[in-house]
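# Geometric and topological summary
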Amino acid sequence: MTPTPDQSGVDRLDDEDFPAYSMGRAAELLGVTQAFLRSLDGARLLTPQRSEGGHRRYSRYQLRIAARVRELIDAGNSLEGACRIVILEDQLAEAQALNATLQHALDAHEVRYVEHP
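Note that the coordinates shown come from a computational prediction; the quantities given were computed from them, not determined experimentally.

Per the secondary structure count, the protein chain includes five helices and three strands. Going from N to C terminus, the protein chain has its helices and strands arranged as α-β-α-α-β-β-α-α. Per-residue burial for the protein chain yields a buried fraction of 21% across its 117 residues. When the accessible surface of the protein chain is totalled, it reaches about 8,400 Å², and 53% of it is carbon and sulfur.

The antiparallel open sheet is built from three strands, whose spatial order is β1-β3-β2. Of all strands in the sheet, those bounded by a partner on one side alone are β1 (21-22) and β2 (49-50). Both β1 and strand β3 (residues 56-58) contribute to a ladder of two bridges, which runs antiparallel. When the sheet's bridge partners are listed, Ser 22 is paired in β3 with Arg 57.

Mapped onto the secondary structure, Met 23 falls in helix α2 (residues 23-30). Spatially, the C-alpha atom of Met 23 lies 9.7 Å from that of Ala 35, the residues being 12 residues apart in sequence. Ignoring sequence-local partners within four residues, the contact set of Met 23 consists of Gln 34, Leu 37, Arg 38, Arg 56 and Tyr 58.

By size, the foremost hydrophobic cluster in this structure holds 18 residues, and its most contacted members are Leu 37, Leu 40, Leu 45, Tyr 58 and Val 69. Elements represented by at least two residues in this core include exactly α2, α3 (34-42), α4 (60-74) and α5 (79-115). If one sorts the elements of this core by residue count, α4 sits on top with five residues. Apart from residues no more than four positions distant in its own chain, Leu 40 is found in contact with Leu 45, Leu 46, Ala 66, Val 69, Leu 79 and Cys 83.

Quick look at the layout of surface pockets now. Approximately 160 Å³ is the volume attributed to the largest pocket. Surrounding the largest pocket, Leu 45, Tyr 61, Ile 65, Arg 68, Val 86, Ile 87, Glu 89 and Asp 90 form its lining. Counting only elements with at least two residues in the lining of the largest pocket, the list comes to α4 and α5. Class assignment for the residues of the lining of the largest pocket results in five nonpolar, no polar and three charged.

Time to look at the side chain of Ser 59. Among the secondary structure elements, Ser 59 is positioned in the loop between β3 and α4. By relative accessible area, which is 3% here, Ser 59 ends up buried. With sequence-adjacent residues up to four places away left out, Ser 59 is seen in contact with Glu 16, Asp 17, Phe 18, Pro 19 and Tyr 21.

Our next topic: the packing of α3 against α4. The interhelical angle for the contact between α3 and α4, taken along N-to-C directions, is 100°, at an axis separation of 11 Å. Relative to α4, α3 is oriented roughly perpendicular. Taking contact as the criterion, the partners of Phe 36, Leu 37 and Leu 40 in α3 are, on α4, Ala 66, Val 69, Arg 70 and Ile 73. Class assignment of the residues belonging to the contact of α3 with α4 gives a composition of six nonpolar, no polar and one charged.

Criteria and cut-off values
Position numbers for residues start from 1 in each chain and track the written sequence from start to end. With pLDDT at 70 or above as the cut-off, local features in this predicted model cover only qualifying residues; side-chain atom pairs require 80 or more to be listed or tallied, and sums for whole chains, interfaces and linings still use all residues. Processing note: side-chain calculations cover all non-hydrogen atoms of the structure and skip hydrogens and water entirely. Only runs of H or I of at least four residues qualify as helices and only runs of E of at least two qualify as strands under DSSP, and these elements are numbered from the N terminus. For every residue, the accessible area (1.4 Å probe, protein chains only) is compared with the maximum for its type, and the residue is labelled buried under 20%, exposed over 50%, or partly exposed between those bounds. Accessible surface is estimated by sampling points in the Shrake-Rupley manner with a 1.4 Å probe; for residues, cover comes only from the protein chains shown. When DSSP locates at least two bridges between a pair of strands, those strands are taken to pair. Contacts between residues were defined by any pair of non-hydrogen atoms, one from each residue, lying within 4.5 Å. Only buried residues count toward a nonpolar core. Its members are Ala, Val, Leu, Ile, Met, Phe, Trp, Tyr and Cys residues joined through side-chain atoms within 4.5 Å. The distinction between a cavity and a pocket rests on a 1 Å grid over the protein atoms alone: a 1.4 Å probe fits inside a cavity but cannot get out, while a pocket stays open yet meets protein on both sides within 12 Å along at least five of seven lines, and a residue with an atom within 4 Å of a point counts as lining. Grid points are joined across faces, edges and corners, and a volume is the space filled by probe spheres set on the points. Nonpolar residues are Ala, Val, Leu, Ile, Met, Phe, Trp, Tyr, Cys and Pro. Charged residues are Asp, Glu, Lys and Arg, and all others, Gly as well, are polar. Axis angles are defined between N-to-C directions and span 0 to 180 degrees, where every axis is a line fitted to C-alpha atoms and, for a helix, only to the segment in contact. In these notes the angle categories are as follows: under 35 degrees is roughly parallel, over 145 is roughly antiparallel, 65 to 115 is roughly perpendicular, and the rest is oblique.

These results come straight from atomic positions and should not be treated as a statement about function.
What follows is the structure, given as structure tokens:
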């Protein structure tokens with residue numbers, strides 16, 4: 001019997017947070033050293049999951065963060081500065097998403113109020 005995607009775990013490959021990449025593969029994909037990835041862990045920007053053997057495993061989301069930090073460092077920022085920028089960018093994106101959601105709810109409420117005062 002062939003396993004379904006849920007049983008085989010293949011469906012998790014689309015999950016941005018699934019830790020699919022070993023440290024070596026992540027470093028290779030990003031064009032960085034494993035020490036760079038460990039420095040992001042040390043800076044507490046990324047906390048990779050661990051395999052049963054204790055090896056770091058990275059998700060696609062974490063790889064995007066690491067790539068952004070690398071861009072910022074290449075542009076002349078320190079590791080600490082780059083990490084802070086990434087955190088602030090993430091907070092800004094969350095605030096903008098919340099603002100959009102609240103604005104949509106407010107607009108919907110105003111339309112209902114105008115139609116049915």
